[in-house]
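A look at the structure
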Amino acid sequence: MRAVSIPEYDMDDVEEYREEDFTVAPENFLRAVKFRRSIRRFKEEPIEKEKLSRILDAGRYTATAKNRQACRFILIQDRLEEFKDLVWQEMPNVVERLRETAPDYARAFELFYLRHQKDPANDTFFFNTTSFLVIASRNLLDGGLAAANIENMAVAEGAGALYSGYMMRVIENSPVLKKWLDIEGIPVSCCMLLGYPAVHYQRTAPRKTGNIVWW
């Protein structure tokens with residue numbers, strides 16, 4: 001059954017269903033999930049804008065609670081060096097805030113900062129990524145689900161990703177960074193490094209035996 005038109009949405013973006021275009025073989029999908037890796041070494045070549053648009057569309061089309069579609073996606077590529085400089089400038093303030101709320105993170109981030117001061121190439125937050133993505137959403141699950149689809153699409157485009165819990169904590173503890181990102185008052189649900197992998201794996205990643213209960 002065809003859905004009715006929704007005036008406030010772009011109906012030109014709607015596609016007619018064709019099984020051969022919309023079906024993913026289940027065995028291939030599972031293998032793709034088993035093969036995923038966290039990438040910490042990226043090529044200098046940035047992901048092309050048209051590919052990034054498709055990658056972000058995978059997040060934009062992800063289901064959201066009550067169909068609010070309220071996730072905000074901030075993809076930093078052209079201004080990445082500016083953002084990175086601001087992050088390192090803010091790091092002492094972030095460390096001071098974390099001393100009260102998360103002392104373990106404060107100690108770790110202070111060490112990262114001191115290493116970076118001695119050698120700017122020693123960047124534990126960004127490595128050598130060419131793109132940095134922030135997803136902000138009042139419903140954190142919405143952002144997390146979108147991030148999973150974004151990563152899968154990035155891999156399909158030949159790219160790779162690294163989820164950064166460190167950067168989530170940094171941004172949440174810096175009003176300056178939240179203002180720069182234009183997400184004041186909105187929680188960060190995910191931060192992700194994106195780029196073409198400089199490493200290639202030849203087999204799937206091992207996992208522990210599943211903790212699954214069948215009732």
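Residues numbered from 1 in each chain as written. Predicted model: local features only at pLDDT ≥ 70, side-chain atom pairs only at ≥ 80, totals over all residues. Heavy atoms only, no water.

Thoughts on the sheet that holds strand β3 (residues 160–163)
Pairing is antiparallel across the open sheet formed by four strands, whose spatial order is β1-β2-β4-β3. Two strands bound the open sheet, and with one partner strand each, they are β1 (72–76) and β3. Each neighbouring strand pair of the sheet contributes to a mean axis angle of 25 degrees, computed without reference to strand direction. Sheet strands in contact with helix α3 (residues 49–60) are β1 and β2 (131–136), and its direction is about 160 degrees off that of β1. (Pairing = 2+ DSSP bridges. Helix = DSSP H or I, 4+ residues; strand = E, 2+ residues; numbered from the N terminus. Axes fitted to C-alpha atoms, helices over the stretch in contact; angles between N-to-C directions. Contact = heavy atoms within 4.5 Å.)

A closer look at the pattern of salt bridges
Under the counting rule described, the total for this entry stands at 14 salt bridges. Glu-48 serves as the salt-bridge partner of Lys-51, at 3.9 Å between the closest nitrogen and oxygen. Here Asp-104 and Arg-107 are joined by a salt bridge, their closest N and O atoms 2.3 Å apart. Of the two residues, Asp-104 and Arg-107 both sit in helix α5 (residues 103–118), three residues apart, roughly one turn of that helix. Both residues of the pair, Asp-104 and Arg-107, count as exposed. Here the residues in one salt-bridge network are Arg-18, Glu-20 and Asp-21, joined through shared partners. (Salt bridge = Lys/Arg side-chain N within 4 Å of Asp/Glu carboxyl O. Buried < 20%, exposed > 50% of the residue type's maximum accessible area, 1.4 Å probe, protein only.)

Structural notes on the layout of surface pockets
Considered as a void within the structure, the second largest pocket measures approximately 440 Å³ in volume. Counting residues per element, the ones that place at least two in the lining of the second largest pocket are α2 (26–35), α6 (140–156) and β3. Among the elements that line the lining of the second largest pocket, the one with the most residues is α2, at four residues. Among the residues making up the lining of the second largest pocket, the classes are represented as twelve nonpolar, five polar and four charged. (1 Å grid on protein atoms, 1.4 Å probe; cavity = no way out; pocket = protein on both sides within 12 Å on 5 of 7 lines; lining within 4 Å. Points joined across faces, edges and corners; volume = space filled by probe spheres on them. Nonpolar A, V, L, I, M, F, W, Y, C, P; charged D, E, K, R; others polar.)

Some points on the side chain of Glu-90
Inspection of the secondary structure assignment puts Glu-90 in helix α4 (residues 80–101). Of the side chains with opposite charge, Arg-97 lies nearest to the buried Glu-90, which makes no salt bridge, at 4.5 Å. A distance of 2.8 Å separates polar atoms of two side chains, one belonging to Glu-90 and the other to Ser-174. When neighbours within four sequence positions are excluded, Glu-90 is seen to be in contact with Arg-97, Ser-174, Val-176 and Leu-177. (Lys, Arg positive; Asp, Glu negative; His and termini not counted. Polar contact = N/O pair within 3.5 Å; in protein donor to acceptor, adjacent residues only side chain to side chain.)

As for the packing of aromatic side chains
One pass over the structure, following the stated rule, counts 15 aromatic pairs. Residues Tyr-105 and Tyr-166 carry aromatic rings whose centres are separated by 6.3 Å and whose planes lie at 90 degrees to one another, so their mutual orientation is edge-to-face. Of this pair, Tyr-105 sits in helix α5 while Tyr-166 sits in helix α7 (residues 165–172); the two residues are 61 residues apart in sequence, bridging distant segments of the chain. Tyr-166 sits in the partly exposed class, given a relative accessible area of 34%. Here the aromatic cluster, defined as three or more aromatic residues joined through ring pairs, consists of Trp-88, Tyr-105, Phe-109, Phe-112, Tyr-113, Phe-125 and Tyr-166. Its guanidinium or amino end placed over the ring of Tyr-105, Arg-169 lies 3.8 Å from that ring's centre, counting from NZ or CZ. (Phe/Tyr/Trp six-rings, centres within 6.5 Å; stacked < 30°, edge-to-face > 60°. Lys NZ or Arg CZ within 6 Å of the ring centre and 35° of its normal.)

As for unusual backbone geometry
Positive phi is not limited to glycine here, since Lys-66 has a value of about 55 degrees. Mapped onto the elements, Lys-66 comes out in the loop between α3 and β1. Judged by its relative accessible area of 72%, Lys-66 falls in the exposed class. One non-glycine residue, Gln-69, lies in the positive phi region at around 50 degrees. Within the element layout of this structure, Gln-69 appears in the loop between α3 and β1. Take Gln-69: its relative accessible area is 40%, and that puts it in the partly exposed class.

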